[in-house]
Amino acid sequence: MHLLPRSRSTFLITIDTVLEPFMSRFCLTLALILTVHLGTSSFVMAADEATSTRILFLTQSQGFVHGSVKRDPEQAGKLAPAEVAMIQLGQQSGLFTCDCTQDAAADFTKDNLQNYDIVAFYTTGELPIADADRDYFVDEWLKEKGHGWIGFHSAADTYRTDNPEHSWYWDICGGTFIGHPWGSGSNVTLAVHDPDHPLAKPFGTEFKIQDEIYMYSHFKPENVRVLMSIDYAGSPTGGTVNAEFGFHVPVAWVRSWGEGKIYFNNLGHREETWTNPAFLESIATSVKWIRGDIEGSTEPNPVVSAKWEAKSRKDARKHDFKVEND
Ligand SMILES: [Zn+2]
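This is a predicted model, so every value here is computed, not measured.

> Can you help me understand the overall build of the chain in this one?
Within the chain, the secondary structure is distributed over ten helices and 13 strands. Across the 326 residues in the chain, those meeting the buried criterion constitute 40%. At a minimum sequence separation of 6, the contacts of the chain that also span at least 24 residues come to 78%.

Next comes the structure, spelled out in structure tokens:
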């Protein structure tokens, strides 16, 4: 099931299709007149759509299904909590419109990407994206100025395989889930490394929240600007830290992709997180940042990751965390 816009361009394509058998210079003129007329009659809506950023929100779960993206099969058309939150955020901020889909095969296509500026993922597993559509997205669409990709939570539990053909996704997302020592009931403290960065600013200098926090493989500090990390000292857990890929637990980061932008944020497992003002403000701000209204560095900060690797290792010992693969 998916929900897509009833766009003006789709309607005009329909008119062209109907006229095609009779297409002549006269009919072409008629089509243009109709276009102008329709454009005028729906002027208010068109103006709003023209100034809004358009987001395609993919919430397809090919693995674990989070409550935040679970639609009620008994209530057709009723969207999931994260989907509702995104649509409302767009309406309340006036910044964007958001179309939600759980059908990547149908909607994550070269043709449909033309209708959007930003693609957001809250997904799991191996998505049914055609190779040609993937290549277009990675090599062209995402590299365009004003385009961006936002990953929420289990976007990092997507393409979690050993297949090197999925490395395109590991690079875009920036990390791949290996476990969550901090389960969904955990009260965690996040250190904000770059509190003046517009996407980090809503979280202050230190951010406390109850949510599930992942650890990652494929995280490359030299490629990303880390905005927040878990502070072991303020994040107790009975879970086991898998130190196979290090102790540092980045929670949010940004990077550039050509002239496009990427923002990943681990938060969002819990439905309550989708009502958290700081989280929502950061998302709204990321839309302004992706479309170029505001500046926000994507310069990689591997020194921060190195510093937090050392601190996290020390704090894991000091606070008696259970550790494996050190
Ligand atoms: Zn989760």
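> Please clarify how the sheet that holds strand β9 (residues 225-230) should be interpreted in this entry.
Picture the strands of a sheet paired through backbone hydrogen bonds; they go either parallel or antiparallel. Within the open sheet, the nine strands sit side by side as β2-β1-β3-β4-β12-β11-β9-β6-β7. Their pairing is mixed. In this open sheet, the two strands that pair with only one neighbour each are β2 (96-101) and β7 (206-210). Put simply, the sheet's adjacent strands are angled 20° from each other on average, direction ignored. In the sheet, strand β4 (residues 148-152) pairs with strand β12 (residues 260-265) via five bridges, with the strands oriented parallel. By the bridge assignment for β12, Phe152 is matched with Asn265.

> Just to check I follow, could you spell out the pairing of β12 for this structure?
For β12, a buried count of six out of six residues is recorded, marking the element as mostly surrounded by other parts of the structure. The alternating pattern of β12 places Gly260, Ile262 and Phe264 and Lys261, Tyr263 and Asn265 on opposite faces, both of which are buried. Bridging between strand β11 (residues 250-257) and β12 involves six bridges; their strand directions are antiparallel. Looking at the pairing, Ser256 lines up with Lys261 of β12. Hairpin connection from β11 to β12: two residues lie between these consecutive antiparallel strands, with Gly258 at a positive phi of about 60°.

> What exactly am I supposed to notice about unusual backbone geometry here?
Among all residues save glycine, negative phi is the norm, and among peptide bonds the norm is trans. In the Ramachandran plot, His153 falls in the positive-phi region, its phi being about 40° despite a non-glycine side chain. With respect to the helices, strands and loops of the structure, His153 is situated in the loop between β4 and α8 (167-173). Looking at His153, the number of C-beta atoms within 10 Å reads 27, which means it is buried.

> Looking at this structure, how should I read the environment of Leu199?
Looking at where Leu199 falls in the secondary structure, it is placed in the loop between β6 (187-192) and β7. Leu199 sits in the buried class, given 26 other C-beta atoms within 10 Å. Counting along the chain gives 88 residues from Leu199 to Val287, while the straight-line C-alpha distance between them is 9.6 Å.

> When you look at the confidence of the model for the chain in this model, what are you seeing that I'm missing?
Parts of the prediction with low pLDDT should not have their coordinates interpreted in detail. Across the chain, the average pLDDT comes to 88, with 85% of residues at or above 70. Predicted confidence is poor over residues 5-47, with pLDDT under 50, and the contacts of this stretch with residues over four places away or in other chains come to 14 contacts.

> Explain helix α4 (residues 81-93) to me, please; I cannot follow it from the model alone.
Given 3.6 residues per turn, any residue in an α-helix points the same way as the ones three and four places further on. Between the first and last C-alpha of α4 there are 18 Å, a value that for 13 residues agrees with the 18 Å anticipated at 1.5 Å per step. Listing the buried residues of α4 in full gives Pro81, Ala82, Glu83, Ala85, Met86, Leu89 and Gly90. Close packing links the buried residues of α4 with β1 (53-58), β2 and α9 (277-291). One or two steps after α4, the chain reaches Gly94, where phi turns positive at roughly 70°.

> I'm lost on the nonpolar core in this one. Help?
Note that soluble globular proteins tend to have their nonpolar side chains buried in a common cluster. Among the nonpolar cores identified, the biggest contains 75 residues, and Leu190, Leu227 and Met228 are the most heavily contacted of them. Those residues in contact with Met228 that lie beyond four places of it in its chain are Leu190, Ala191, Val192, His193, Ala200, Phe203, Phe207, Val251 and Ala252.

> Any chance you could explain the pairing of β1 here in plain terms?
Consecutive side chains of a regular strand alternate in pointing toward one face of the sheet and then the other. For β1 and β2, the ladder comprises six bridges, and the chain directions are parallel. Of the residues in β2, the one forming a bridge with Leu56 is Asp99. Read from β1 through α4 to β2, the crossover connection turns out right-handed. Judged from the four bridges that link them, β1 and strand β3 (residues 118-121) form a sheet pairing that is parallel. The partner of Phe57 across the bridge, within β3, is Ala120.

> Is there a simple way to explain the environment of Tyr116 in this structure?
In this fold, Tyr116 is placed in the loop between α6 (110-113) and β3. Through-space distance from the C-alpha of Tyr116 to that of Thr53 is 7.5 Å; in sequence the pair is 63 residues apart.

> Explain the environment of Ser229 to me, please; I cannot follow it from the model alone.
Mapped onto the secondary structure, Ser229 falls in strand β9. On the basis of neighbour count, Ser229 is assigned to the buried category, with 24 C-beta atoms found within 10 Å. Expressed as a C-alpha distance, the spacing of Ser229 and Val251, which sit 22 residues apart in the sequence, is 4.9 Å. The residues contacting Ser229, other than those within four sequence positions of it, are Leu190, Ala191, His193, His248, Val249, Pro250, Val251 and Trp308.

Rules and cut-offs
- Residues numbered from 1 in each chain as written.
- Predicted model: local features only at pLDDT ≥ 70, side-chain atom pairs only at ≥ 80, totals over all residues.
- Helix = DSSP H or I, 4+ residues; strand = E, 2+ residues; numbered from the N terminus.
- Buried ≥ 20, exposed ≤ 12 C-beta atoms within 10 Å, placed from the backbone.
- Contact = placed C-beta atoms within 7 Å.
- Pairing = 2+ DSSP bridges.
- Axes fitted to C-alpha atoms, helices over the stretch in contact; angles between N-to-C directions.
- pLDDT = per-residue confidence, 0-100.
- Expected span 1.5 Å × (residues − 1).
- Core = buried A, V, L, I, M, F, W, Y, C linked by C-beta atoms within 7 Å.
- Right-handed = clockwise from strand over helix to strand, strands pointing away.

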